[in-house]
Amino acid sequence: MTSTLLRRPRALMSALTAVAAGGLAVAVLVFSGTGASAAEAPVNLGTAANFSVLAGERVTNTGPSFLAQSLGVSPGSAATGFPPGVVAGEIHLADAVALQAKNDLTAAYIDAAGRTPFTNLPAELGGTTLTPGVYRIGAAQLTGALTLDSQNDPAAVFIFQISSTLVTASNSSVVFINGASPCNVYWQVSSSATIGTGSRFMGNILAQTSIAMNTGATLQGRALAQTGEVTLDTNTINAPACLQPTGTPTSTPTGQPTGTPTSTPTGTPTGTPTGQPTGTPTGQPTGTPTGQPTGTPTRTELPVTGGRGGGGLLPALSAVGSIFVASGAALLLLARRRRQLDS
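Residues numbered from 1 in each chain as written. Predicted model: local features only at pLDDT ≥ 70, side-chain atom pairs only at ≥ 80, totals over all residues. Heavy atoms only, no water.

Colleague: Explain the side chain of Ser192 residue by residue, including any values.
Modeller: Examined against the element boundaries, Ser192 turns out to sit in the loop between strand E16 (185–189) and strand E17 (193–195). Once residues lying within four places of it in the same chain are set aside, the contact partners of Ser192 are Ser164, Thr165, Leu166, Thr209 and Ser210. (Helix = DSSP H or I, 4+ residues; strand = E, 2+ residues; numbered from the N terminus. Contact = heavy atoms within 4.5 Å.)

Colleague: Report on the nonpolar core, specifying residues and quantitative values.
Modeller: Note that soluble globular proteins tend to have their nonpolar side chains buried in a common cluster. Phe160, Trp187, Phe201, Ile211 and Val230 are the most contacted members of the largest nonpolar core, which totals 42 residues. Here this core gets four residues from one element, more than from any other, and that element is strand E18 (residues 200–207). Residues within four places of Phe160 in sequence aside, it is in contact with Leu121, Leu130, Tyr135, Ile137, Leu146, Leu148, Val185, Tyr186, Trp187 and Gln188. (Core = buried A, V, L, I, M, F, W, Y, C linked by side-chain atoms within 4.5 Å. Buried < 20%, exposed > 50% of the residue type's maximum accessible area, 1.4 Å probe, protein only.)

Colleague: Run through the environment of Tyr135, naming residues and quoting values.
Modeller: Here Tyr135 lies in strand E10 (residues 133–137). You can call Tyr135 buried: its relative accessible area is 7%. Along the chain, Tyr135 and Phe160 lie 25 residues apart, while their C-alpha atoms are 4.9 Å from each other. Those residues in contact with Tyr135 that sit more than four places away from it in its chain are Thr119, Leu121, Leu130, Ile159, Phe160 and Gln161. Separated by 2.5 Å, the side chain of Tyr135 and the backbone oxygen of Thr131 make a polar contact. (Polar contact = N/O pair within 3.5 Å; in protein donor to acceptor, adjacent residues only side chain to side chain.)

Colleague: Give me the pattern of salt bridges: which residues, what numbers.
Modeller: For the coordinates displayed, the defined rule picks out four salt bridges. Residue Glu57 is joined to Arg58 by a salt bridge in which the shortest nitrogen-to-oxygen separation is 2.6 Å. Overall, Glu57 belongs to the partly exposed group, its relative accessible area being 38%. Judged by relative accessible area, which is 33%, Arg58 ranks as partly exposed. Residues joined in a network through salt bridges with shared partners are Glu40, Asp111 and Arg115. (Salt bridge = Lys/Arg side-chain N within 4 Å of Asp/Glu carboxyl O.)

Colleague: An account of the pairing of E16 is requested, with residue identities and associated values reported.
Modeller: Of all the five residues making up E16, five are buried; the element is thus mostly covered by neighbouring parts of the structure. Side chains Val185, Trp187 and Val189 of E16 all project onto a buried face; the interleaved residues Tyr186 and Gln188 project onto the opposite face, where all are buried too. Both strand E13 (residues 158–162) and E16 contribute to a ladder of five bridges, which runs parallel. Each residue of the ladder has a partner; that of Ile162, found in E16, is Val189. (Pairing = 2+ DSSP bridges.)

Colleague: Provide a residue-level description of the packing of aromatic side chains, including the pertinent values.
Modeller: All chains considered together, the criterion is met by three aromatic pairs. Judged by centre distance (5.7 Å) and plane angle (25°), the rings of Tyr135 and Phe160 are stacked. Remark: Phe160 occurs in strand E13 and Tyr135 occurs in strand E10; sequence separation between them is 25 residues. Each member of the pair Tyr135 and Phe160 is classed as buried. Look at Trp187 and Phe201: their rings are 4.9 Å apart centre to centre, the planes differ by 45°, and that puts the pair in the tilted class. With Trp187 in strand E16 and Phe201 in strand E18, this residue pair connects regions lying 14 residues apart in the sequence. Among the aromatic side chains, those forming a connected cluster through ring pairs are Tyr135, Phe160, Trp187 and Phe201. (Phe/Tyr/Trp six-rings, centres within 6.5 Å; stacked < 30°, edge-to-face > 60°.)

Colleague: Describe the sheet that holds strand E2 (residues 58–62), and please don't skip the residues or the numbers.
Modeller: Reading across the sheet, the seven strands line up as E5-E2-E21-E19-E17-E14-E11 and stay open at both edges, with parallel pairing between neighbours. Two strands bound the open sheet, and with one partner strand each, they are strand E5 (78–80) and strand E11 (140–142). Averaged over all adjacent pairs, the angle separating strand axes in this sheet is 10°, with direction ignored. As paired elements, E11 and strand E14 (residues 166–168) share three bridges and run parallel to each other. Bridging from a neighbouring strand, Leu142 pairs with Thr168 of E14. (Axes fitted to C-alpha atoms, helices over the stretch in contact; angles between N-to-C directions.)

Structure below.
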């Protein structure tokens, strides 16, 4: 017996020790942050996100270029070639809106340039596949196709820190796979960017000096130059598909507009028209014929059930119950006396 009692506490202590060790391991894993690295946050473009093209000096265009968003210049005030170029948004030349957008662009440029940690890449980007992260390049060259793999994360962020120029060869392209979004791709160029003829480029180009898009090049993103000019030639610049911001605006507008309009119009119109027409015609014809024949039989049955019939039955049940209680008590006393005599 003694050995059994000794063994049980020892087993209990072993179990408690194992649980404590497991809890300590989990706590160390949680607080040390060794599980998974945090995802890179998007670069906040501020009001610059409203512009397809933003320049510091001027914007020049040749041919029927199309800008899906606004065009802005600050502190310069020149934008030539519109028309034939088409701006779907607004044109802001040296006004307060353009100035604010330029200030936001400067802040975004500094943010993108300072992101760490980063991975160094060779100059040629063509023929490679990259996953989300921050990449640093000297002078970037793109020949052929660059593939960006978001690994099934539509909010994945790609930041390219280019310390010199960005140049793409003719008919080059940036390709997305597994849900990547051009909205979250940023090309921070410390000098100037040139997008080659017929190239299909993706992302936000944040250039320190200037941006030139050659004939027929397309951009799904934005061409934003801080101090120099932006040159266009029969180009199309579409707004990037921002998959991440879609979640935030949907929750607010969907909940409020749907709930409020549905409850108010449905409740009020349905209650009023239905109650008035139905109550009046139905109450008068039904009340007169039904009330008189039904009232008489109903008053006859009530006295039978709750009056005369119930008054005679209740005392009888009470008497029978009393007899059963007395009989039970007597039997109980007899049983106890018999046990005492037997003992």
